Amino acid sequence: MSAYERVKQWNTFARIWHIYDAKWQNPFDSAKVISKHIQGLHKPIYHPLNNCGDHVIVFNSRHIALPGYEWKKRAYFHHTGYPGGASWTLAWQLHEINPTLVMQKAVKWELPRGLSKFGLMARLHIFPDEEIPEELLKNVTSQLRQLRPVPRTLDSYSDKEIEEFPKVMDYPNDYILK
Amino acid sequence: MSIQKLFSTALQAHRTYLFSIQAHGFKKDVSRKLMELYKRKEDIEFGKTPSPPPPRSSYLEWNYDAELYSFGKRLGEHIEPNLLAQSLTQRSFIVVEEEKQKAVGIEDPILNVQENTPLVDEGKSFTSRYVKQYLRIALPFFPEEGIQSVHNYLLTEKVIANIASHIGMNDIVQTAEYPIETSSLHSCFFALVEAIRQSNDDHTAGNFVRDFVLTQLGGKNVNDLWDIENPEDKLNTIYRNHGEELPEPRLVGASGKNTILANYRVAFYNKDKQMIGLGFGESVQIAKEMAARDALRRLFRTSERDAPIKYNLDINTSQQKKVNPSLEEWNEKILLQATG
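Remember, predicted model here, so these are calculated numbers, not experimental data.

1. Describing the overall build of chain B
Thinking step 1. Counting its secondary structure elements, chain B contains 14 helices and three strands.
Thinking step 2. For 340 residues, the compact-globule formula gives about 20 Å, and the C-alpha radius of gyration of chain B, at 31 Å, lies well above that figure.
Thinking step 3. Its C-alpha atoms give chain B principal-axis dimensions of about 100 × 80 × 30 Å.
Thinking step 4. Per-residue burial for chain B yields a buried fraction of 30% across its 340 residues.
Thinking step 5. When contacts within chain B are restricted to residue pairs at least 6 apart in sequence, long-range pairs at least 24 apart make up 62% of them.

2. Some words on the environment of Ser92 of chain B
Residues and elements named next belong to chain B.
Thinking step 1. The topology assignment puts Ser92 in helix H6 (residues 91–104).
Thinking step 2. Each C-alpha atom of the pair Ser92 and Thr156 lies 22 Å from the other, and the pair is 64 residues apart in sequence.
Thinking step 3. Leaving out residues up to four positions away in the same chain, Ser92 has contacts with Thr175, Ala176 and Glu177.

3. Concerning helix H4 (residues 64–75) of chain B
Thinking step 1. Over its 12 residues, H4 of chain B extends 17 Å from the first C-alpha to the last, a length consistent with the 16 Å expected when each residue adds 1.5 Å.
Thinking step 2. Among the residues trailing H4 of chain B, Gly76 of chain B stands out with phi positive, at a value near 75°.

4. A word on the sheet that holds strand S5 (residues 124–126) of chain A
All names here are of chain A.
Thinking step 1. In spatial order, the strands read S5-S2-S1-S6; together these four strands make up an open sheet with parallel pairing. Both edges of this open sheet fall to S5 and strand S6 (142–143), since each of them pairs with a single strand only.
Thinking step 2. Here two bridges tie strand S1 (residues 17–21) to S6, and the two strands are oriented parallel to one another. Residue pairing in the sheet places Ile19 in a bridge with Gln143 of S6.
Thinking step 3. Helix-sheet contacts for helix H2 (residues 27–39) involve S1, strand S2 (55–59) and S5, and the interaxial angle to S2 is about 150°.

5. What to know about the nonpolar core
Thinking step 1. Grouped together as the largest cluster of nonpolar side chains are 63 residues, with contacts concentrated most on Cys188 and Val193 of chain B.
Thinking step 2. If you tally residues by element for this core, the top one is helix H10 (residues 182–199) of chain B, at nine residues.
Thinking step 3. When residues of this core are assigned to domains, at least three map to each of domain 2 (65–218) and domain 3 (224–299) of chain B.
Thinking step 4. Residues in contact with Cys188 of chain B, not counting those within four places in the same chain, are Ser87, Leu88, Asn116, Ala164, Met169 and Val173 of chain B.
Thinking step 5. Ala14, Val33, Ala91 and Val102 of chain A belong to the second largest nonpolar core, which has 22 residues in total.

6. Describing unusual backbone geometry
Residues and elements named next belong to chain B.
Thinking step 1. A cis geometry characterises the amide bond from Tyr178 onward to Pro179, with omega recorded as -5°.
Thinking step 2. Tracing the backbone shows Pro179 in the loop between helix H9 (157–166) and H10.
Thinking step 3. Located in the positive-phi region is Lys273, a residue other than glycine, with phi close to 60°.
Thinking step 4. With respect to the helices and strands, the residue Lys273 is situated in the loop between strand S2 (263–269) and strand S3 (275–281).
Thinking step 5. Classification of Lys273 as exposed rests on a count of 7 C-beta atoms within 10 Å.

Here is what the cut-offs are and how they apply
Note on numbering: residues in each chain are counted from 1, in written sequence order. Naming scheme: in the order in which they are written, chains are lettered from A and ligands are numbered from 1. In view of the model being predicted, local features appear only for residues whose pLDDT reaches at least 70, and side-chain atom pairs are presented and counted only at 80 or more, with totals across whole chains, interfaces and linings using the full set of residues. Where helices and strands are cited, they refer to DSSP runs of H or I of at least four residues and of E of at least two residues respectively, numbered from the N terminus. In this treatment the radius of gyration is a C-alpha quantity, and the globule benchmark scales as 2.2 Å times the residue count to the 0.38 power. Working definition of burial: number of other C-beta atoms within 10 Å of the residue's own, with buried at 20 or more, exposed at 12 or fewer, and partly exposed in between, all C-beta atoms being placed from the backbone. For the purpose of contact definition, each residue receives a C-beta atom placed from its backbone, and two residues are in contact when these atoms lie within 7 Å. Expected span of a helix, by definition, is 1.5 Å for each gap between consecutive residues, and there is one gap fewer than residues. Only strands joined by at least two bridges in the DSSP assignment are considered to pair. Inter-axis angles, ranging from 0 to 180 degrees, are taken between N-to-C directions of lines fitted to C-alpha atoms, where helices are fitted over the stretch in contact. Here a nonpolar core is just a set of buried residues of the types Ala, Val, Leu, Ile, Met, Phe, Trp, Tyr and Cys, joined wherever their C-beta atoms sit within 7 Å. Residue ranges for the domains trace back to a domain assignment, done automatically or taken from a database.

Spelled out as structure tokens, the structure:
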């Protein structure tokens with residue numbers, strides 16, 4: 001193998017570091033995309049025995065958005081192994097204990113079963129807020145697109161924006177609101 | 001219960017080099033491995049390994065004249081029978097034959113075949129000339145240093161002996177040593193080229209060299225056969241020859257900077273902001289050097305996107321083509337004018 005062929009190989013198998021903003025995103029839909037990148041399934045050189053997965057940094061995991069009644073109805077089961085050791089933790093309770101766990105478990109479920117899960121999960125880095133260690137941020141060269149736009153909340157609009165918002169009609173001055 | 005059955009576990013344990021029969025199970029693979037190793041040792045010590053086959057010429061029904069005739073026909077070239085016989089006879093063979101005859105009592109040994117030494121030098125210089133000429137026409141933008149390197153590779157003992165053995169010269173060459181050495185195959189091949197040249201003309205012999213020697217470049221990258229030192233300096237020299245601004249290296253990509261798997265992509269850009277070469281590497285320095293290498297091979301028309309070398313060119317051997325420019329005086333504009 002010549003020197004140029006060697007660096008071509010190096011470039012082909014280089015690990016990319018992606019970053020993903022989980023703000024207002026469905027963790028279960030996001031996990032499908034993230035798990036693909038962790039395994040390297042998005043690459044043409046992919047093979048199950050080929051170690052070609054990328055790293056993904058997920059931030060703002062505290063601000064994920066679960067669909068429907070998922071916060072209330074989704075239960076995370078754990079059993080200590082002792083009699084009576086079963087426990088069911090609701091999603092909102094788990095999120096209060098550790099705001100990265102819902103995202104972490106969602107990705108873990110998406111990955112293929114087997115021992116490779118441990119190695120693959122080591123390439124996922126989840127941070128609850130916007131603070132990411134500087135040495136990890138230096139590696140990042142790619143951003144994963146958010147699956148849905150972040151909606152604006154009503155209180156994020158300033159008084160001026162509300163005033164300038166186009167209106168079809170306005171109440172008459174002498175109209176008394178109930 | 002028989003005695004053997006009673007002690008079978010203990011016997012097994014002994015056979016498998018287990019020192020305690022209280023171990024969990026028997027390590028079957030240990031005994032199998034040891035038995036296999038012992039068998040191999042036995043084979044070598046008692047001479048059971050197969051010896052190399054005896055030379056084909058020692059067989060009773062060996063008819064050298066018939067073999068020689070069919071060898072010539074298999075090549076598909078017209079070769080004078082005496083020239084063909086001469087080209088495949090090494091000096092060492094003649095010496096041994098003469099000694100044999102002297103041992104029997106013949107004062108002036110008679111042999112109706114000559115040694116190939118005069119043919120070898122002639123054939124080697126012809127092959128060398130033809131290969132260089134062909135490469136200059138097939139790779140008009142490749143500098144002369146590169147042509148020389150590719151030529152040297154093609155004429156090495158390993159490559160030529162490989163060709164010779166694959167056209168069936170292993171058994172037919174008459175030489176004292178057995179098995180035949182690569183140096184004998186190397187010189188006999190050139191003698192064969194010269195025999196074809198003397199029986200026909202330069203054109204036929206040239207086509208023979210083209211079909212057998214130059215085709216060895218198939219699947220090979222000519223850039224790998226020529227190592228350029230300081231490619232960045234060479235690239236700058238070429239741009240100075242063109243009278244243009246020196247190309248500018250830029251970092252166009254990087255990933256995993258803080259990891260041991262860091263990867264950088266550096267590209268060279270010319271004054272028109274066009275990318276002229278792209279390189280990769282684990283450090284910026286290596287990526288830059290590789291980018292310069294890529295830029296050079298794009299200029300020399302030997303990059304991956306260029307068409308491979310043609311092996312069906314008809315070369316006029318009487319007409320000497322001008323030598324390709326050397327790396328120091330390489331100029332694309334002059335070359336483009338020359339090639340039209």
